[in-house]
Amino acid sequence: MPHLLITDDESAIRELIAEIAIEEGYTVAQAGDIRQARIQIERQKPDVVLLDMQLPDGNGIDFWHDLALPGTHVVFVTGYSTVDSAIQALRCGAVDYLLKPVSLRRLRGILSELKAMLQKHPLPGATNCFKKMIGQSRAVQLLCAHIEKVAPTQATVLLVGESGTGKELAAEAIHLASPRHEKPFMPVNCGAISPNLIESELFGHEKGSFTGADRQHKGYFERASGGTLFLDEITEMSMELQVRLLRVLETGRFMRVGTNQEIDADVRVIAATNRNPEQAVANGTLREDLYHRLSVFPLELPPLRDRDEDVLLLADHFLRQLNEESGTNKAFAPEALKAMSEYSWPGNIRELRNYVYRSYILADTVIKGDFNSFELESRSGGWGSEILVPVGVPLADANKQLILATLKQCGGVKKAAAEMLGISLKTLYNRLEEYGAASDIDESSSSYR
């Protein structure tokens, strides 16, 4: 049943519209101003909003523009009609524009049409496409709104953002909100596959095409047919393979290793990187032509430090999952909530999730956030040492200093360093090989790197 939010400062109009909406099969919430509307939206996201353009505490159009609710229709209502106001409403994506006194016949028609549309063609925001993307911040709302726009198209998407910001979740949301949602979604970490095998993994191979190829193998492009292929850490792909990928994107065809027979690639490609793609082009780790081909629609994922209001929401989500899995009822103490709110979370969502998990394990019933080495404050200033990077140093050089310093801090244990940096072990090896430092690290200190 679709949900309607009526926002108008005249209670008589709200009651009249609510009565008609209930008859048309809607659930209804009411708000007399913008403040109340925000409260209602937090309680339940509406499928349709009837919004007065002039409210006691602000302008309805400005309020709607700031909300950017993906998957929600808006119908503006006003008693002061002008050509400019009508144009403004349409530019905001309004599906209609009602004048006061409201025509009940027209209102019924609009609600009926919207209900039929929602039931026949549910919008991404009205389904479970964004169920894994937890957050109510402006940054997340804008991200979801952009995903909603690009998902129905065939455009390639390049996701850019720091490690741990949820690029794979965003890619999956694009897939679920697209016409391909019933077909496979296949994530591939380009940095975790051996350079000698990645071509075969992507495009497949024929029996006997190389030593050990004892049978035909279908690659990711073939197995994801009709669906979406998510190529994470695209800058870890070799230049030679980048050329092949560019050709597949341009021609829509590929060949298995060991054959000259072309196969149609009915796949939507979404790529991602935690590097600055323009810097990667300048450094020679990403072909410029491939970069432009992938970034038809670039999307930047916000770091958690820019999503202040989402930190506690995410922490509560992770804790609720752990409680449900284990049949417990643990909760955060006020001091833990305060510590999490004030911490900058350089490792983003991944770091927050790990912190909640560790704190959950150590807590009896209340998570107090005072677990010595696990305490947030002890980590906010660094991991026992600091590096100084002057302003203007190239990003690649800064990354090198950070990686080598972290590896030293971890006693040369590559696995621990990769986890601390939020990158894959393969990526760390590739970076060290670039720096010529792979052989300088003492391999005898641990069997796990």
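Residues numbered from 1 in each chain as written. Predicted model: local features only at pLDDT ≥ 70, side-chain atom pairs only at ≥ 80, totals over all residues. Heavy atoms only, no water.

1. A closer look at the pairing of strand E6 (residues 73-78)
Where burial is concerned, most of E6 is hidden: 6 out of the 6 residues are buried. Residues His73, Val75 and Val77 line one face of E6 and the alternating positions Val74, Phe76 and Thr78 line the opposite face, and both faces are buried. Note that strand E3 (residues 48-52) and E6 share 5 bridges and pair parallel. When the bridges of E6 are listed, Leu50 appears paired with Val75. Where E6 meets strand E7 (residues 96-99), 4 bridges bridge the pair, whose relative direction is parallel. Residue pairing for E7: Val77 is matched across the bridge by Leu98. (Buried < 20%, exposed > 50% of the residue type's maximum accessible area, 1.4 Å probe, protein only. Helix = DSSP H or I, 4+ residues; strand = E, 2+ residues; numbered from the N terminus. Pairing = 2+ DSSP bridges.)

2. Some remarks on the packing of helix H18 (residues 414-421) against helix H19 (residues 425-435)
Packing of H18 against H19 leaves a shortest axis separation of 9 Å and a crossing angle of 105°. Between H18 and H19, the angle falls in the class roughly perpendicular. Mapping the contact onto sequence places Lys414, Lys415, Ala417, Ala418 and Leu421 in H18 and Leu425, Leu428, Tyr429 and Leu432 in H19. Within the contact of H18 with H19, the residues separate by chemical class into 7 nonpolar, no polar and 2 charged. (Axes fitted to C-alpha atoms, helices over the stretch in contact; angles between N-to-C directions. Parallel < 35°, antiparallel > 145°, perpendicular 65-115°, else oblique. Contact = heavy atoms within 4.5 Å. Nonpolar A, V, L, I, M, F, W, Y, C, P; charged D, E, K, R; others polar.)

3. Considering the sheet that holds strand E2 (residues 27-31)
Taking strand neighbours across the sheet as the criterion, the 5 strands line up as E2-E1-E3-E6-E7 in an open arrangement whose pairing is parallel. Taken across any chain shown, the strands that pair with only one partner, and hence form the sheet edges, are E2 and E7. For this sheet, the mean angle separating the axes of adjacent strands, direction not counted, is 20°. Packing against the sheet, helix H1 (residues 11-23) makes contact with strand E1 (3-7), E2 and E3, and its axis sits at approximately 170° to E2.

4. What to know about the sheet that holds strand E9 (residues 185-189)
Pairing between the strands of a sheet is mediated by backbone hydrogen bonds and can be parallel or antiparallel. Here we have 5 strands laid out as an open sheet, ordered E9-E10-E13-E8-E14, and parallel in their pairing. Each having just a single partner strand, E9 and strand E14 (297-300) make up the two edges of the open sheet. Ignoring which end each strand starts from, the neighbouring axes of this sheet average 20° apart. Of the pairings in the sheet, the one linking strand E10 (residues 228-232) to strand E13 (residues 268-273) comprises 4 bridges and is parallel in character. Within E13, the position partnered with Thr228 by the bridge is Arg268. Here helix H7 (residues 167-176) sits on the sheet and contacts strand E8 (157-160), E9, E10, E13 and E14; the angle it forms with E8, its principal contact strand, is near 155°.

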